Amino acid sequence: MKQSMLNKLANLSERMDEIDRLMASEGITDNMENYLKLTREHAEITPIVAQYRAYVQTEADMAEAQKMLSDPEMKEFAQEEIETAKNRHDEIDIELQKLLLPKDPNDEKNIILEIRAGTGGDESGLFAGDLFRMYSRYAERQRWKVEVLSANQGEVGGYKEIIAKIEGYGAYSKMKFESGGHRVQRVPDTETQGRIHTSACTVAILPEVDEVSDVTINPADIRIDTFRASGAGGQHINKTDSAVRITHAPTGIVVECQDGRSQHANKAQAMMVLAARIKAKQVDEQNSKIASERRNLIGSGDRSERIRTYNYPQGRITDHRINLTLYKIDAITEGDMDELIGALSNEHQADLLASLGEDN
């Protein structure tokens, strides 16, 4: 491990001792705001300091065992002790580097999920519906809440576009790698000759903006239009102009919401989605300016980029960013996405570790 990282860890260990002393001092709870701040900091650095102290202990164990090598009767035992301590030392080294990786400030946030049908006509709309079902089932497994904000249904089923809010701790950390182009290869129900068709959808995962105030939206920059919400055949159709469309002139972003119970609710939801999209655009622009030559293994962030193929005849799903193929398409499309999402997260973490090694 680099000396700069060891110095940082030593400072964290000293800081934890200092916090322990402060929290044990008399009258510490008189200033509750400061007390809560200390408890949060203590919770954040405790796992790092625990691993660092174990790291230091293994070095001490190896040094102690080295002294016994000169004793013929203790040599074999000492060699075993050194090997055990060295293996443990290497394991802790890797764990410490993971703990020191920069955290994505959005990881704990709720998300805005957007799915849009692309090439492929009606089949693309059906695929959009399948993707929404997959993510909804996955959210259920995580005990997250799914709320549809806006849906434009396809003529034969599925969606031309659907926007939903998914609420749950860590939703963004697990779902953020789903942004991109998704392609399906299968025989449509309407295909009489059994030919395989290819169609596509785009998925965008946006972290929910904590407050609309996090993004400055000048009222003069937006145009708000109202219109009559439409439902699918057989459903009740609103007789009032309750649906809302907001256009943000500087970015060209347009948001429509019509699933709320009132114009007021739809406007609030549309403003929330608009703020999330503006924030995502700002982050994308910032990342593009500071992007290093190393290409992130998880993809460039271009939402038109094809990231995954769902091949139904072969029962496989292939994620092209990490060259992973899983022959469990039925399970995954029913929401069993842990293996897929875990593999993406692990590759991302490995890439960050490699970058950390280059920077130090």
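Draft legend 1. Up close: the pairing of strand 9 (residues 306-311). A large share of strand 9 lies buried, amounting to five of its six residues. In this structure, strand 9 lies alongside strand 10 (residues 316-319), joined through four bridges in antiparallel fashion. By the bridge assignment for strand 10, R308 is matched with D319.

Draft legend 2. Structural view of helix 1 (residues 3-24). For helix 1, built from 22 residues, the straight-helix expectation of 32 Å at 1.5 Å per residue is met to within 8% by its first-to-last C-alpha distance of 32 Å. Taken residue by residue, helix 1 has M5, L6, L9, L12, S13, M16 and I19 as its buried positions. Looking down the long axis of helix 1, one finds its buried residues gathered within 135° of arc, a one-sided arrangement. Facing away from the buried side of helix 1, by more than 90 degrees, are the exposed residues Q3, E14 and R21.

Draft legend 3. Spatial organisation of the pairing of strand 4 (residues 180-186). With respect to burial, strand 4 is a largely interior element, six of its seven residues being buried. Strand direction decides the pairing type here: strand 4 and strand 5 (residues 197-207), joined by seven bridges, are antiparallel. Note that in strand 5 the partner of G180 across the bridge is V203. Where strand 4 and strand 9 come together, five bridges link them in parallel fashion. From the neighbouring strand, H182 faces strand 9, where its bridge partner is R308.

Draft legend 4. Highlighting the packing of aromatic side chains. Following the criterion strictly, the structure yields three aromatic pairs and no others. Between Y138 and W144, the ring centres sit 5.7 Å apart and the planes meet at 85°, which makes this aromatic pair edge-to-face. Against the face of Y312 rests R186, its NZ or CZ located 5.0 Å from the ring centre.

Draft legend 5. Just the confidence of the model for the protein chain, in detail. Chain-level pLDDT for the protein chain is 84 on average; 88% of the residues reach the 70-or-more range. Counted against residues more than four places away or in other chains, residues 232-237, with its pLDDT under 50, gives five contacts. pLDDT under 50 marks residues 290-304. Its contacts with residues more than four places away, or in other chains, come to 31 contacts.

Draft legend 6. How the structure looks around the sheet that holds strand 8 (residues 253-257). Spatially, three strands are ordered 6-7-8 in an open sheet, and the strand pairing comes out antiparallel. The outermost strands of the open sheet, each flanked by one partner alone, are strand 6 (222-227) and strand 8. Adjacent strand axes in the sheet meet at a mean angle of 15° when their direction is disregarded. Sheet analysis places strand 7 (residues 243-248) next to strand 8, joined by five bridges and oriented antiparallel. Residue pairing in the sheet places R245 in a bridge with E256 of strand 8.

Draft legend 7. Representation of a negative patch on the surface. Judged by side-chain charge, D61, E76, E80 and E81 come together as a negatively charged surface patch. Element by element, the count of residues in the negative patch is highest for helix 3 (residues 75-99), at three residues. The topology assignment puts E76 in helix 3.

Draft legend 8. Layout of the sheet that holds strand 2 (residues 145-153). If you trace the eight strands from one edge of the open sheet to the other, you get 2-3-1-5-4-9-10-11, paired in mixed fashion. Looking at which strands have only one partner, the edges of the open sheet turn out to be strand 2 and strand 11 (324-326). Pairs of neighbouring strands in the sheet enclose a mean axial angle of 15°, with direction left out of account. Bridge count between strand 1 (residues 111-117) and strand 3 (residues 159-167): six bridges; the pairing is antiparallel. Bridge assignment links I111 to a residue of strand 3, and that residue is I166. Against the sheet, helix 4 (residues 122-141) touches strand 1, strand 2, strand 3, strand 4, strand 5 and strand 9, its axis set at about 45° to strand 5.

Draft legend 9. Broad picture of the nonpolar core. If you look at the biggest cluster of nonpolar residues, it comprises 32 residues, and the most contacted ones within it are L113, I115, L131, Y135, M175 and Y310. For this core, the secondary-structure elements that each account for two or more residues are strand 1, helix 4, strand 3, helix 5 (171-175), strand 5, helix 7 (329-333) and helix 8 (338-359). Of all the elements, helix 4 adds the most residues to this core, at eight residues. Residues L149, I253, L274 and A280 belong to the second largest nonpolar core, which totals 22 residues.

Draft legend 10. Looking closely at the environment of G181. Within the secondary structure, G181 is located in strand 4. Its relative accessible area of 9% is what places G181 among the buried residues. For the pair G181 and R116, spaced 65 residues apart in sequence, the C-alpha separation works out to 9.7 Å.

Draft legend 11. Quick look at the environment of L96. If you trace the backbone, L96 turns up in helix 3. As a C-alpha pair, L96 and L9 span 87 residues in sequence and 9.1 Å in three-dimensional space.

Draft legend 12. Structural context of the pattern of salt bridges. Applying the stated criterion across every chain yields a total of 23 salt bridges. Where E334 meets R137, a salt bridge forms, and the shortest distance between an N and an O atom there is 2.6 Å. Of this pair, E334 sits in the loop between helix 7 and helix 8 while R137 sits in helix 4, placing them 197 residues apart in sequence. What makes E334 partly exposed here is its relative accessible area of 32%. With a relative accessible area of 28%, R137 lands in the partly exposed category. In this structure, a network of salt bridges that share partners links the residues E114, R116, E161 and R277.

Calculation criteria
- Residues numbered from 1 in each chain as written.
- Predicted model: local features only at pLDDT ≥ 70, side-chain atom pairs only at ≥ 80, totals over all residues.
- Heavy atoms only, no water.
- Buried < 20%, exposed > 50% of the residue type's maximum accessible area, 1.4 Å probe, protein only.
- Helix = DSSP H or I, 4+ residues; strand = E, 2+ residues; numbered from the N terminus.
- Pairing = 2+ DSSP bridges.
- Expected span 1.5 Å × (residues − 1).
- Arc of directions from axis to C-beta.
- Phe/Tyr/Trp six-rings, centres within 6.5 Å; stacked < 30°, edge-to-face > 60°.
- Lys NZ or Arg CZ within 6 Å of the ring centre and 35° of its normal.
- pLDDT = per-residue confidence, 0-100.
- Contact = heavy atoms within 4.5 Å.
- Axes fitted to C-alpha atoms, helices over the stretch in contact; angles between N-to-C directions.
- Patch = residues over 30% accessible without salt bridge, like charges linked within 9 Å, V, L, I, M, F, W, Y side chains within 5 Å.
- Areas by Shrake-Rupley, 256 points an atom, 1.4 Å probe, with all protein chains shown as cover.
- Salt bridge = Lys/Arg side-chain N within 4 Å of Asp/Glu carboxyl O.
- Lys, Arg positive; Asp, Glu negative; His and termini not counted.
- Charge placed at Lys NZ, Arg CZ, Asp CG, Glu CD.
- Core = buried A, V, L, I, M, F, W, Y, C linked by side-chain atoms within 4.5 Å.

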